[in-house]
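Reading the structure
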Amino acid sequence: ETWFSLEYGKDMSMLRVPVRAVPAADADAERYVAALERELAAAIEKFAKTPISNSPASKYYAPRLGLALWQAQLVEDAYALFPDRKPGDGVEAKIAALRRDGDVSTFVFANNGNVDPAKLGSIQK
């Protein structure tokens, strides 16, 4: 070690940052969960419009499914963090349908797309 590195370390150890207490606000939790629900609805809507095959937009099927499932997990985690917050209209049903479609999509991709699209899940039409 050099004298310079020791002096630099001593100067860095003297740095301080004031700590401020931030009060928890229930209104922020409400807005946060509501924003997550809106993002989930948008992700599901975009996913529902994406055909699984025979279209140029089909290349977006897997990423949009992944995004929708990720948003669904975020919403469920938010409900766990804020137990007083009740799910919005139909959110739980949308998440359940999305998970069913995710399971069906995994089956379809595992079978190289050799599945009748008419037999696919409840969101995909």
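Below or above, wherever it landed, is the structure these notes cover. Since we're looking at a predicted model, the values are computed, not measured.

Cut-offs and rules
- Residues numbered from 1 in each chain as written.
- Predicted model: local features only at pLDDT ≥ 70, side-chain atom pairs only at ≥ 80, totals over all residues.
- Heavy atoms only, no water.
- Helix = DSSP H or I, 4+ residues; strand = E, 2+ residues; numbered from the N terminus.
- Buried < 20%, exposed > 50% of the residue type's maximum accessible area, 1.4 Å probe, protein only.
- Areas by Shrake-Rupley, 256 points an atom, 1.4 Å probe, with all protein chains shown as cover.
- Core = buried A, V, L, I, M, F, W, Y, C linked by side-chain atoms within 4.5 Å.

Quick look at the overall build of the protein now. Counting its regular elements, the protein contains four helices and zero strands. Seen in sequence order, the protein has helices and strands lined up from the N terminus as α-α-α-α. In the protein, which comprises 125 residues, the proportion classed as buried is 26%. As presented, the protein carries roughly 9,100 Å² of accessible surface, and 60% of it is formed by carbon and sulfur atoms.

A word on the nonpolar core. Nonpolar side chains in soluble globular proteins tend to end up buried together. Leu 40, Val 75, Val 91, Ile 95 and Leu 98 are the most contacted members of the largest nonpolar core, which totals 17 residues. Looking at this core, the elements that each hand over two or more residues are helix 2 (26-48), helix 3 (61-81) and helix 4 (91-110). The greatest single-element share of this core, amounting to seven residues, is contributed by helix 3.

None of the figures reported here should be taken as evidence of function without further support.
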